[in-house]
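Spelled out from the first residue to the last, the chains are:
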Amino acid sequence: MDQEQLLPLLVATALGHKAAFASLYEHTSGQLYAITLKLLKRADLAEEALQDAYVQIWHKADSYHRGRGTVLTWMISIARYRALDSLRYHKVRPEHSFNDEIAAPDLGTLGARQPPHEKLYRCLDELESEQRQAICLAYFNGLSHTEVVKHVDSPLGTVKSWIRRGLKSLQRCLSL
Amino acid sequence: MNYLTPALRDALAAQYVLGTLRGPARQRFTKLMMRHESIAQATWYWEQQLNTLATHLEPVAPPASTWEKIAQRLHTSSNVQAIASPARSPRGWPKVVAMAAAVMLGVTLWLMQPPDTEKVYQQLAVMNNQQSEPVWLIKVSPEQMLITPTSQLASKNNNDYELWMLPADGSAPVSLGVIPQQGELAVKTPNLVKAERVKALAVSLEAVGGSASGAPTEVLYVASLFSVKS
């Protein structure tokens, strides 16, 4: 569902229409659950974060405006921050998962139903591969700087600099 | 004062969204965001950009019970009703959410219009049921309308009552919103009422949350507004 379809649902949600909120949930919960699950790796915590996110979305619907991005990226922000909080609170990050489950997603095969066309992907492609990998590990798996260090086996200073410079290059590329 | 340079602001915003800004630094950044619009805007920019990454993850259906848990959490009362899943029927919503919304509306309107013990009511309407018992009392002062249900009002768990003005010129009814089934509701007196251009008031029975069409669904009570003899 795109912005044109989600926005009327969010507007109606802000006005207190429960049917619209149910429909918004129906159309977006799979996307948001995929995100909280990838970050938290535990179904119970991922579901809890998802619940929290939708309770917040219900209460904060009227604070959405176009400056905050699309309805979907705004909702993703809420779900991601909630999952990141949970990650820190529960400190769920068993060591073995570094090798088994965590892999920086290949941008071409994100499980995408359609090839990503956003400028962001082109800009990510232009980054050095270490920068791209470090940013993706942090974004999708919620790894901290030190956790990225364990995963890629490079010094902390190097990892921090990959992420910092990678983001800076991204911003430059996106602004062109 | 915003002491961050644009470069530092953008860098911190990006790491905040990415999730690598942590601990006290994250908390400090959250405060800065609330204080400075430019910092909030930088954060929104990165949310918009980076979160397009997650829009391409393959969706995973959450457990079927998740929706019910969310609906229950938005339902503050203990008498939990059966809640339909969104795919089957979006209507099975708990009434307390709607009542809370109605109360919120009341609170908002009330805050807009601080109570005044010296109110002088100039118009009145009394709505009766079929047994000629009064069910709604409506008092109008130049500042506020006070809407009170009596004990004769039938409680509706799965519906809301909505108040309407019927303009004297015969135009379409104008909603004054969902009205609570108990307690007094004070709303700011609409200009139409002040100008005495309202023929009558009506209360309709609606699905929870009020009329979706903008017109009354089932009108239950109608009463004229009368001036008080002075």
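Quick look at the structure, then. (Residues numbered from 1 in each chain as written. Chains lettered and ligands numbered in written order. Predicted model: local features only at pLDDT ≥ 70, side-chain atom pairs only at ≥ 80, totals over all residues. Heavy atoms only, no water.)

1. Things to note about the overall build of chain A
A tally of regular secondary structure across chain A gives 9 helices and 0 strands. The helix and strand sequence of chain A, counted from the amino end, reads α-α-α-α-α-α-α-α-α. For chain A, the proportion of contacts with a sequence separation of at least 24, taken over those separated by at least 6, is 65%. As presented, chain A carries roughly 7,900 Å² of accessible surface, and 51% of it is formed by carbon and sulfur atoms. (Helix = DSSP H or I, 4+ residues; strand = E, 2+ residues; numbered from the N terminus. Contact = heavy atoms within 4.5 Å. Areas by Shrake-Rupley, 256 points an atom, 1.4 Å probe, with all protein chains shown as cover.)

2. Describing the sheet that holds strand S7 (residues 198–207) of chain B
Residue and element names in this part refer to chain B. Taking strand neighbours across the sheet as the criterion, the 4 strands line up as S5-S4-S7-S8 in an open arrangement whose pairing is antiparallel. What marks the edges here is a single partner per strand, and that holds for strand S5 (174–179) and strand S8 (218–224). The mean angle between the axes of side-by-side strands here comes to 25°, regardless of whether they run parallel or antiparallel. When strand S4 (residues 159–167) meets S7, the two strands line up antiparallel, connected through 9 bridges. Note on S7: the bridge partner recorded for leucine 166 is alanine 200. (Pairing = 2+ DSSP bridges. Axes fitted to C-alpha atoms, helices over the stretch in contact; angles between N-to-C directions.)

3. Regarding the interface of chain A and chain B
Accessible area lost during the coming together of the parts is what is often quoted as the interface size. Counting from both sides, the interface comprises 62 residues of chain A and, opposite them, 47 residues of chain B. Overall, the association of chain A and chain B removes approximately 5,200 Å² of surface from exposure, summing both partners, and the carbon and sulfur fraction of that is 64%. For the pair chain A and chain B, the interface holds 2 salt bridges. Residue lysine 69 of chain B pairs with glutamate 47 of chain A through a salt bridge whose shortest N-O separation is 3.1 Å. Our count for the chain A to chain B interface comes out at 19 residue pairs in polar contact (both at pLDDT 80 or more). (Buried area = accessible area lost by both parts, 1.4 Å probe. Salt bridge = Lys/Arg side-chain N within 4 Å of Asp/Glu carboxyl O. Polar contact = N/O pair within 3.5 Å; in protein donor to acceptor, adjacent residues only side chain to side chain.)

4. What to know about the side chain of serine 29 of chain A
By the secondary structure assignment, serine 29 of chain A is in helix H2 (residues 18–40). Classification of serine 29 of chain A by relative accessible area gives buried; the value is 5%. Apart from residues no more than four positions distant in its own chain, serine 29 of chain A is found in contact with Leu50 and Tyr54 of chain A together with Val60 and Pro62 of chain B. (Buried < 20%, exposed > 50% of the residue type's maximum accessible area, 1.4 Å probe, protein only.)

5. Some words on the side chain of asparagine 51 of chain B
Position of asparagine 51 of chain B relative to the elements: it lies in the loop between helix H3 (37–50) and helix H4 (65–73). For asparagine 51 of chain B, a relative accessible area of 1% corresponds to the buried category. Beyond its immediate chain neighbours, meaning those up to four positions away, asparagine 51 of chain B contacts Thr73, Ile76, Ser77, Arg80 and Tyr139 of chain A together with Trp46 of chain B.

6. What about the packing of aromatic side chains?
Throughout the structure, instances matching the rule amount to 11 aromatic pairs over all chains. Consider the rings of phenylalanine 21 of chain A and tryptophan 58 of chain A, whose centres lie 5.1 Å apart with planes at 55°: the pair is tilted. One end of the pair, phenylalanine 21 of chain A, is in helix H2; the other, tryptophan 58 of chain A, is in helix H3 (residues 43–60), and 37 residues separate them in sequence. Neither residue differs from the other here; phenylalanine 21 of chain A and tryptophan 58 of chain A are each classed as buried. For the pair tyrosine 64 of chain A and tryptophan 74 of chain A, a centre-to-centre distance of 5.5 Å together with 65° between the ring planes defines the contact as edge-to-face. Of this pair, tyrosine 64 of chain A sits in the loop between H3 and helix H4 (71–90) while tryptophan 74 of chain A sits in helix H4, placing them 10 residues apart in sequence. Taken individually, tyrosine 64 of chain A and tryptophan 74 of chain A each receive the classification buried, so the pair is uniform in this respect. Site record: aromatic cluster; members linked through ring pairs are Phe21, Tyr25, Tyr54 and Trp58 of chain A together with Trp67 of chain B. Its end group placed over the ring of tyrosine 16 of chain B, arginine 26 of chain B keeps NZ or CZ at 4.1 Å from the ring centre. (Phe/Tyr/Trp six-rings, centres within 6.5 Å; stacked < 30°, edge-to-face > 60°. Lys NZ or Arg CZ within 6 Å of the ring centre and 35° of its normal.)

7. Some points on H4 of chain A
Taking 1.5 Å per residue as the helical rise, H4 of chain A with its 20 residues ought to reach 28 Å, and the 29 Å between its terminal C-alpha atoms agrees with that figure. The buried fraction of H4 of chain A is high, at 15 of 20 residues. (Expected span 1.5 Å × (residues − 1).)

Function cannot be read off these values alone, since they describe shape.
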